[in-house]
Amino acid sequence: MSKPHQQVDLLCAQSLFSSALSANLSIFAGTALISAYYYQYTGPALISWIVTMCLIAGARILLSRQYYRDQKNGFSNYSPAKWINFYTVSSFISGAGWASLVFYLPQNLETIHTSILYIIFFSIMAATVVALPVVLPAYFAYTTPIFIAALSLPFFINSWQTIYISIASVFYFLFLLVAGRILNRRYMQSFALHLENEALISKLHDEIIQKELAQKELLDNQLVLEETVEQRTKELTEMNEILVNEINERRRIESNLKHIAHHDNLTNLPNRLLLNARLDHAIERAKRDKLQVAIMFIDLDRFKTINDTLGHDVGDKLLIEISKRLEHCIREDDTVARLGGDEFIMIIEQVHDIGDLDALLKKIMKATSEPVPINEHRLTISASIGVSIYPDDGTTAEHLMRNADAAMYYVKENGRHKYHFYTRELTSPAYDRILLEADLKNSVSNNEIRVYYQPQLDLQSKKIVGVEALARWQHPQLGILRSKQFLHIAELSELIHQIGETVLTLACQQIAKWKQAGLAIETVAVNISSKQVHRGDLVELVKNTLQQTGCEPHWLELEIEQSLITEGSQQTITTLQQLRALGVSLVIDKADADLPPAKQLKKFPVNKLKIKRSIVRDIDDDMKDAAQVNKIISTGKKLQIKLVAEGVENSSHEIFLSAHGCDYVQGYYYFREVPGEQIEKEFSEKTSEKDGAAQPKIKLIKFNTD
């Protein structure tokens, strides 16, 4: 509906409802008068009509109250057109109520009383001309039932008089219709003039406001023109200051955009784009000054495990803290950048002597290995660092970065938490690593994964009590490859799950076979990757493997990485508890100086601690390593769990470990790792020598460790 029609509806509704109260009060009055007049002829039968008319009048009054309430609220419930419809319906009901009076009067009504009834009907119809023609449907709805009642009255009161008056009522009704139509047109004309006047008034008001604004604008312009030269000079000065501020702000924004484009969003360190530019500049400067530039490729050890276990939020906070520590390690002219993930690059300029880098590298190693408190965690990581030198290891940024990366991977493959300078021999292994990864994908399906076993001895009785299962790869061209030559590739390529499952199955099958043959080997130890623990299906895998191979749970030991214990996530604790519930023994592998205190270790259901090979190897010459071994043994004793030392290579190692209370040992001083068949052969020979003894003492054999 257009806006003018809505305004007309509003005016019509206002006109209708403005007379509603008086009209309905007149219904009460008319009902009372008619009742008083005709009661003596009709008696109690008229009471129902009286009640009906009072209810109709009351309902119409309530309707008008609802209308005014809705009008006050801006017609939130119904539009004016809807209220007109409501009023029209109520008018019809009211007219029908008046018309129903004929049903309550007797048929033998006297002539004078019949005439009075016609007068009442004609008066009611005439009264509606005052207000109802403003809406013709409401006017017709009210008068038509009354007209029909007057027209049909001869059917109820049969007399010539009623017939004549009924015929006359037709002409009277036609007259009222014509009068209502004329009045309706006048109402509409009046409303149109009213709306037109309002529009003209509004337009005039707008023109007055515009004129006032124009006059004000002219006055303001006049005041501006009348300003003195001094004031104008002041304004120009202020404009110049604003212009300078805008230029400075634009420069600041451009500087911020340039900073964002050249810096890492998380750590605010230079990104790869800025790193390449600075490295090119450093090379040019070194070429001019005949100096060297060192490129350090830094990769955080075990960061992915922390990120996967504790969440990316903790991982991000850890990266931010490490980036701050790295910045504190370098000079103002040097650069530390983040390539992405947990990889950082350092550019050390004006290097006079490569030997001077050792102090810086040790400083970096210390800074990255110190605990980082984040939330309720106290995280400990380390860094593997590869170093390349300009111009010895390359003359372009690309060559230097690639060679530093190769040196870093060499550290990753050889124990981590170290630094190594690039040598030409490192480039070839990097290429070989790519080829090995391609071959490794088919190793499981081609049955190329083998398991070798290294015996573990009771240090006091020198009897074999168990073996450790070690993965080997029977490569078609390269022959037998040791675990350190391919397992790190499996970790990176997610093949570790297939290889780990294969090794576990083969080891369980082998121990079951040995038990059936009567060999007195108590346990077989299998290494479990942290990725296998984090995957979430390790418990089910171990359970199914034990059932399928016939291996008893207490025959199997699972060696878990110390990093899992250091992180101490609830998921890890739950997984280990479920494994222990199966009856499997748990061993913390490669325990070193970072081993948590006994109080924290009590949370984990472990049975043994295995001391790391690298610190056992140097206990003869390094007091620090000897102290670490003693500390680990003391921790095990406090927890009342067994100690295993790997990497025992000479008698002095054995004497030291025995003196400090270590329980079990393994290493080249006793046995190399060998296939399962050779273990059976060794036991068979010793059994024959001892006349069928179930578990012989093993003759100590020192192997060449090259």
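Our subject is the structure listed above.
As the structure is a computational prediction, the values presented were derived from the model and not from experiment.

The rules behind the values
- Residues numbered from 1 in each chain as written.
- Predicted model: local features only at pLDDT ≥ 70, side-chain atom pairs only at ≥ 80, totals over all residues.
- Heavy atoms only, no water.
- Pairing = 2+ DSSP bridges.
- Helix = DSSP H or I, 4+ residues; strand = E, 2+ residues; numbered from the N terminus.
- Axes fitted to C-alpha atoms, helices over the stretch in contact; angles between N-to-C directions.
- Contact = heavy atoms within 4.5 Å.
- Parallel < 35°, antiparallel > 145°, perpendicular 65-115°, else oblique.
- Left-handed = near helix turned anticlockwise from the far one by under 90°.
- Buried < 20%, exposed > 50% of the residue type's maximum accessible area, 1.4 Å probe, protein only.
- Arc of directions from axis to C-beta.
- Salt bridge = Lys/Arg side-chain N within 4 Å of Asp/Glu carboxyl O.
- Core = buried A, V, L, I, M, F, W, Y, C linked by side-chain atoms within 4.5 Å.
- Nonpolar A, V, L, I, M, F, W, Y, C, P; charged D, E, K, R; others polar.
- Polar contact = N/O pair within 3.5 Å; in protein donor to acceptor, adjacent residues only side chain to side chain.
- Phe/Tyr/Trp six-rings, centres within 6.5 Å; stacked < 30°, edge-to-face > 60°.
- Lys NZ or Arg CZ within 6 Å of the ring centre and 35° of its normal.

Considerations on the sheet that holds strand S7 (residues 419-421)
- Taken together, the five strands give an open sheet; going across it, the order is S2-S3-S1-S6-S7, and neighbouring strands pair in mixed fashion. The strands lining the two open edges of the sheet, one partner per strand, are strand S2 (335-340) and S7. Here the average twist between neighbouring strands, direction ignored, is 20 degrees.
- Sheet topology note: the strand S6 (residues 382-390)/S7 ladder contains three bridges and is parallel. Its bridge partner being in S7, Gly386 is matched across the sheet by His420.
- In the packing of helix H11 (residues 312-329) onto the sheet, the strands contacted are strand S1 (292-301), S2 and strand S3 (343-351), and the crossing angle to S3 comes to about 5 degrees.

Description of the packing of helix H18 (residues 538-549) against helix H20 (residues 570-582)
- Here H18 crosses H20 at 15 degrees, and the two axes come no closer than 9 Å. Considering their axes alone, H18 and H20 lie roughly parallel with respect to each other. Here H18 runs over H20; the crossing is right-handed. On the side of H18, the interface is formed by Leu538, Val539, Val542 and Lys543, while H20 contributes Thr575, Gln578, Leu579 and Leu582.

Comments concerning helix H10 (residues 303-310)
- The buried fraction of H10 amounts to six of the eight residues, a majority that puts the element mostly inside the structure.
- Within H10, the full set of buried residues consists of Phe303, Thr305, Ile306, Asn307, Thr309 and Leu310.
- Where the residues of H10 are buried, they touch S1, H11, strand S5 (377-379), helix H17 (530-535) and helix H19 (562-567).
- Following H10 by one or two positions, Gly311 adopts a phi angle in the positive range, close to 105 degrees.

A word on helix H24 (residues 651-659)
- The complete set of buried residues in H24 reads His653, Glu654, Phe656 and Leu657. Viewed along the axis of H24, the buried residues span an arc of 165 degrees, placing them on a single side of the element. Every exposed residue of H24 that faces more than 90 degrees away from the buried side is listed here: Ile655 and Ala659.
- Summarising the contacts, the buried residues of H24 are in contact with helix H22 (613-617), helix H23 (623-639), strand S15 (642-645) and strand S16 (664-665).

Re unusual backbone geometry
- With an omega dihedral of 5 degrees, the bond running from Tyr390 to Pro391 counts as a cis peptide bond.
- For Pro391, the position within the fold is in the loop between S6 and helix H13 (397-413).
- Phi at Phe75 takes a positive value of approximately 55 degrees, unusual for a residue other than glycine.
- Residue position: Phe75 is located in the loop between helix H3 (46-72) and helix H4 (80-99).
- Residues other than glycine seldom take positive phi values, yet Asn375 does so here, at roughly 55 degrees.

Focus: the pattern of salt bridges
- Under the definition given, this model contains 23 salt bridges.
- The salt bridge involving Lys412 is made with Asp301; its shortest N-O contact spans 2.7 Å. With Lys412 in helix H13 and Asp301 in strand S1, this residue pair connects regions lying 111 residues apart in the sequence. The burial state of Lys412 is the same as that of Asp301; both residues are buried.
- We note a salt bridge from Glu673 to Arg482, for which the minimum N-O separation is 2.8 Å. Separated by 191 residues along the polypeptide, Glu673 in the loop between S16 and strand S17 (674-675) and Arg482 in the loop between strand S10 (479-481) and helix H15 (487-493) bring together distant segments of the chain.
- Given the relative accessible area of 33%, Arg482 is considered partly exposed.
- In this structure, a network of salt bridges that share partners links the residues Asp299, Asp301 and Lys412.

Section: the nonpolar core
- The biggest cluster of nonpolar side chains holds 80 residues, and the ones touching the most others in it are Tyr453, Val542, Leu556, Leu558 and Leu657.
- Apart from the residues lying within four places of it in its own chain, the contact partners of Leu657 are Leu459, Val616, Val629, Ala645, Val648, Cys662 and Val665.
- Counting residues in each nonpolar core, the second largest holds 49 residues, with Tyr67, Phe121, Ala150 and Phe191 among its members.

Brief notes about the packing of H4 against helix H6 (residues 136-151)
- Axis separation between H4 and H6 bottoms out at 8 Å; the angle between their running directions is 15 degrees. On the basis of their axis angle, the class for H4 and H6 is roughly parallel. Handedness of the crossing formed by H4 with H6: right-handed. Taken together, the residues of H6 that come into contact with H4 (itself represented by Thr88, Ser91, Phe92, Ser94, Gly95, Ala96, Trp98 and Ala99) are Pro137, Ala138, Ala141, Tyr142, Pro145, Ile146 and Ala149.
- Class assignment of the residues belonging to the contact of H4 with H6 gives a composition of 11 nonpolar, four polar and no charged.

Focus: the side chain of Asp301
- What makes Asp301 buried here is its relative accessible area of 0%.
- Reaching out from Asp301, the side chain makes a polar contact with the side chain of Lys412 at a distance of 2.7 Å.
- Separated by 3.1 Å, the side chain of Asp301 and the backbone nitrogen of His417 make a polar contact.
- Sequence-distant contacts of Asp301, defined by excluding residues within four places in its chain, comprise Ile381, Ser382, Ala383, Ser384, Lys412, Arg416 and His417.

Brief notes about the packing of aromatic side chains
- A complete count under the given rule lists 13 aromatic pairs for this structure.
- Relative to Phe86, the ring of Tyr78 has its centre 5.2 Å away and its plane inclined at 85 degrees; by these criteria the two rings are edge-to-face.
- Here the aromatic rings of Trp83 and Phe86 are separated by 5.4 Å at their centres, their planes lie at 90 degrees, and the arrangement is edge-to-face. A residue pair is termed a helical-turn pair when its members lie 3 or 4 positions apart in one helix, as Trp83 and Phe86 do in helix H4 at three residues.
- What makes Trp83 buried here is its relative accessible area of 3%.
- By relative accessible area, which is 31% here, Phe86 ends up partly exposed.
- Through a chain of ring-to-ring contacts, the aromatic side chains of Tyr67, Tyr68, Phe75, Tyr78, Trp83 and Phe86 assemble into a single cluster.
- Here the guanidinium or amino end of Arg60 rests over the ring plane of Tyr87, the centre of that ring lying 4.9 Å away.
- In this structure, Arg672 packs its charged tip against the face of Tyr668, placed 4.4 Å from the ring centre.

From the geometry alone we can't say anything about function, so treat these as descriptive.
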